[in-house]
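Structural overview
Chain residues, written in single-letter form:
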Amino acid sequence: MIAVVDYGVGNLFSILSSLKYIGADAEVVSDPALLREADKLILPGVGAFRDAAEKLRSTGMWDAVKAEAAVGKPLLGICLGMQLLFEKSFEFGEYEGLSLLKGSVRPLSDIVPKGFKIPQMGWNSLHFTVEKNRLFKYIDEGDFVYFVHSYYAADCEDSVIAVTDYGAKVTASAAKDNVFGCQFHPEKSGEVGLRILKAFCEEGSL
């Protein structure tokens, strides 16, 4: 079973609908104890980093997600969910992340040229930075996915597996061992996004 982590911030309906469409056995899970029964976890998220981190802690999901990742359970963070995987965020202050990936989350305006709209919103192509990660085994270099974000993952060179060009190279996806992140929204990225979710959900594929 794929557990979509429900901690009060996330586009759960779209993610669950996409997972059901590809035939995945998926459920929205709000009880930390039930994460132990899942085969894989998806951590969604929209909104502000601080609020999401506080809700993860208050629901008990913070420690539960870290514990399951620590024993090797595949975990996919999406959008804000990916940003939470890093060590800290500088979104309206400085806040601790889950520290499952090395790096920090910083304003996109720090690196994109003037004239580029913030948030980055729309379709942009993916460019693999290393040999194609298994998360992308069903898609191709240059495929387009859908982004909506004002902050990006920085200082994470050892885990970046794809970037997108938005006037600068922006981290689009990161991975290390059993932990994966997509800054873009697979559930809003049409057939390409469905193929990425398929690769993540396949038994034994990760």
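Computed from a prediction, not measured in an experiment: that's the story for all the values here.

**Here's the deal with the packing of aromatic side chains**
Per the stated rule, a full pass over the model turns up six aromatic pairs. Geometrically, the ring pair formed by Phe147 and Phe184 is edge-to-face, given 5.7 Å between the ring centres and 65 degrees between the ring planes. In this pair, Phe147 is assigned in strand E10 (residues 144-149) and Phe184 in the loop between strand E14 (179-182) and helix H5 (190-201), connecting sequence segments 37 residues apart. Given the relative accessible area of 0%, Phe147 is considered buried. Look at Phe180 and Phe200: their rings are 6.3 Å apart centre to centre, the planes differ by 75 degrees, and that puts the pair in the edge-to-face class. Here Phe180, found in strand E14, pairs with Phe200, found in helix H5; they are 20 residues apart in sequence, far enough to count as distant. In this pair, the class of Phe180 matches that of Phe200, namely buried.

**Observations concerning the environment of Trp62**
Along the chain, Trp62 turns up in helix H3 (residues 61-70). Sequence separation between Trp62 and Tyr7 is 55 residues; the distance between their C-alpha atoms is 9.4 Å. With near-sequence residues (within four places) excluded, Trp62 lies in contact with Ala53, Leu56, Arg57, Glu96, Gly97 and Leu98.

**Brief notes about the side chain of Ser18**
Tracing the sequence through the fold places Ser18 in helix H1 (residues 12-21). Beyond its immediate chain neighbours, meaning those up to four positions away, Ser18 contacts Glu187, Leu194 and Leu197.

**Some remarks on the pattern of salt bridges**
Taken as a whole and assessed by the stated rule, the structure comprises seven salt bridges. Lys73 is the partner of Glu68 in a salt bridge, and the nearest nitrogen-oxygen pair spans 2.7 Å. With respect to burial, Glu68 and Lys73 carry one shared label: buried.

**Focus on H1**
Structural remark: α-helix, 3.6 residues per turn; residues separated by three or four positions point the same way. Inspection of H1 places Leu12, Ile15, Ser18 and Leu19 among the buried residues, and these make up the whole buried set. The buried residues of H1 occupy an angular sector of 140 degrees when projected down its axis, which confines them to one face. Away from its buried face, by an angle of more than 90 degrees, H1 presents the exposed residues Phe13 and Tyr21. The inward-facing, buried residues of H1 contact strand E1 (2-5), strand E2 (26-29), strand E3 (40-43), strand E4 (75-78) and H5.

**Overview of the sheet that holds strand E9 (residues 127-128)**
Strand pairing in a sheet relies on backbone hydrogen bonds, with the paired strands running either antiparallel or parallel. The strand order E2-E1-E3-E4-E14-E13-E12-E9 describes an open sheet built from eight strands, whose pairing is mixed. Two strands bound the open sheet, and with one partner strand each, they are E2 and E9. Both E4 and E14 contribute to a ladder of four bridges, which runs parallel. Counterpart to Leu76 in the pairing with E14 is Phe180. The strands touched by H5 within the sheet are E1, E3, E4 and E14, with E3 carrying the most contacts at an inclination of about 145 degrees.

Conventions adopted
Residues numbered from 1 in each chain as written. Predicted model: local features only at pLDDT ≥ 70, side-chain atom pairs only at ≥ 80, totals over all residues. Heavy atoms only, no water. Phe/Tyr/Trp six-rings, centres within 6.5 Å; stacked < 30°, edge-to-face > 60°. Helix = DSSP H or I, 4+ residues; strand = E, 2+ residues; numbered from the N terminus. Buried < 20%, exposed > 50% of the residue type's maximum accessible area, 1.4 Å probe, protein only. Contact = heavy atoms within 4.5 Å. Salt bridge = Lys/Arg side-chain N within 4 Å of Asp/Glu carboxyl O. Arc of directions from axis to C-beta. Pairing = 2+ DSSP bridges. Axes fitted to C-alpha atoms, helices over the stretch in contact; angles between N-to-C directions.

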